[in-house]
Amino acid sequence: HQGVADRGQSVQDLNAGKAFRIGLFQILALIPGLSRSGSTMTGGLGLGLSYREAARFSFLMATPIILAAALVEVPKLHGGTHGLLGPALVGGLVAAVAAWLSTRFLMRYFENHRLRVFAFISMALGAAALILVH
């Protein structure tokens, strides 16, 4: 019996064209309120990846972006009058642990569930935010 997460293609089945198209879904994250990982997972699902593999590929795609941002920004935090390197490293460590725990949760969640619940929660929170703003 295959779980929901296993229905579809594997990351190993991707060719460069499909990977590029999934990468283009990151552009949607420029729209305020849209998630980069949600956009790329949706792109992966649309191109035939299983839920688990779409999530895995999305998280893998984030790694070079995060590393590049760290290489550019971390040196700016050292020294100066505020010396933000220490607090930034603590915050980065906490964010890394939270991301790891979130990823583990989602990978287990996708063994038997789909993204619909997250989509409905996101829509409800978006509607609530619009109501509160106006």
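Above this text you will find the structure in question.
Residues numbered from 1 in each chain as written. Predicted model: local features only at pLDDT ≥ 70, side-chain atom pairs only at ≥ 80, totals over all residues. Heavy atoms only, no water.

Peer 1: How do you make sense of a nonpolar patch on the surface when you look at a structure like this?
Peer 2: The grouping of F20, L24, I27 and L30 at the surface amounts to a nonpolar patch, some 460 Å² of accessible area in total. Inspection of the secondary structure puts L24 in helix α1 (residues 16-24). (Patch = residues over 30% accessible without salt bridge, like charges linked within 9 Å, V, L, I, M, F, W, Y side chains within 5 Å. Areas by Shrake-Rupley, 256 points an atom, 1.4 Å probe, with all protein chains shown as cover. Salt bridge = Lys/Arg side-chain N within 4 Å of Asp/Glu carboxyl O. Helix = DSSP H or I, 4+ residues; strand = E, 2+ residues; numbered from the N terminus.)

Peer 1: Just to check I follow, could you spell out helix α3 (residues 51-77) for this structure?
Peer 2: For the α-helix, the turn length of 3.6 residues means that residues three or four positions removed from each other point alike. When the terminal C-alpha atoms of α3 are compared, their 38 Å separation across 27 residues agrees well with the 39 Å that a helix rising 1.5 Å per residue should span. Maximal helix bending in α3 amounts to about 30°, located at L71; proline P75 follows within four positions. Within α3, the full set of buried residues consists of Y51, E53, A54, A55, F57, S58, M61 and A62. Lining the buried residues of α3 we find α1, α2 (36-46) and α4 (85-109). (Expected span 1.5 Å × (residues − 1). Bend = angle between axes of the 7 residues up to and from the residue. Buried < 20%, exposed > 50% of the residue type's maximum accessible area, 1.4 Å probe, protein only. Contact = heavy atoms within 4.5 Å.)

Peer 1: How should the pattern of salt bridges be read in this particular structure?
Peer 2: Per the stated rule, a full pass over the model turns up 2 salt bridges. Between R56 and E53 there is a salt bridge; the shortest N-O distance is 3.1 Å. One end of the pair is R56 and the other is E53, both in helix α3 and 3 residues apart, which spans about a single turn. As a salt-bridge pair, E73 and K76 come within 3.3 Å of each other at their nearest N and O atoms. One end of the pair is E73 and the other is K76, both in helix α3 and 3 residues apart, which spans about a single turn.

Peer 1: Would you explain the environment of A88 in this entry?
Peer 2: Positionally, A88 belongs in helix α4. Using a relative accessible area of 31% as the deciding quantity, one classes A88 as partly exposed.

Peer 1: Please clarify how the side chain of S39 should be interpreted in this entry.
Peer 2: Within the fold, S39 resides in helix α2. Once you skip the residues sitting within four places of it in the chain, S39 turns out to touch F25, L28 and A29.

Peer 1: Can you walk me through the packing of α3 against α4 in this structure?
Peer 2: Angle between the axes and distance between the axes are the two parameters that describe a pair of packed helices. One can describe the packing of α3 onto α4 by two numbers: an axis separation of 12 Å at closest approach and a directional angle of 180°. In this view, α3 runs roughly antiparallel relative to α4, as classed from their interaxial angle. Between α3 and α4, the contacting residues are R52, A55, R56, F59, V74 and L77 on the first element and L85, A88, T103, L106 and M107 on the second. Partitioned by chemical class, the residues of the contact of α3 with α4 number 8 nonpolar, 1 polar and 2 charged. (Axes fitted to C-alpha atoms, helices over the stretch in contact; angles between N-to-C directions. Parallel < 35°, antiparallel > 145°, perpendicular 65-115°, else oblique. Nonpolar A, V, L, I, M, F, W, Y, C, P; charged D, E, K, R; others polar.)

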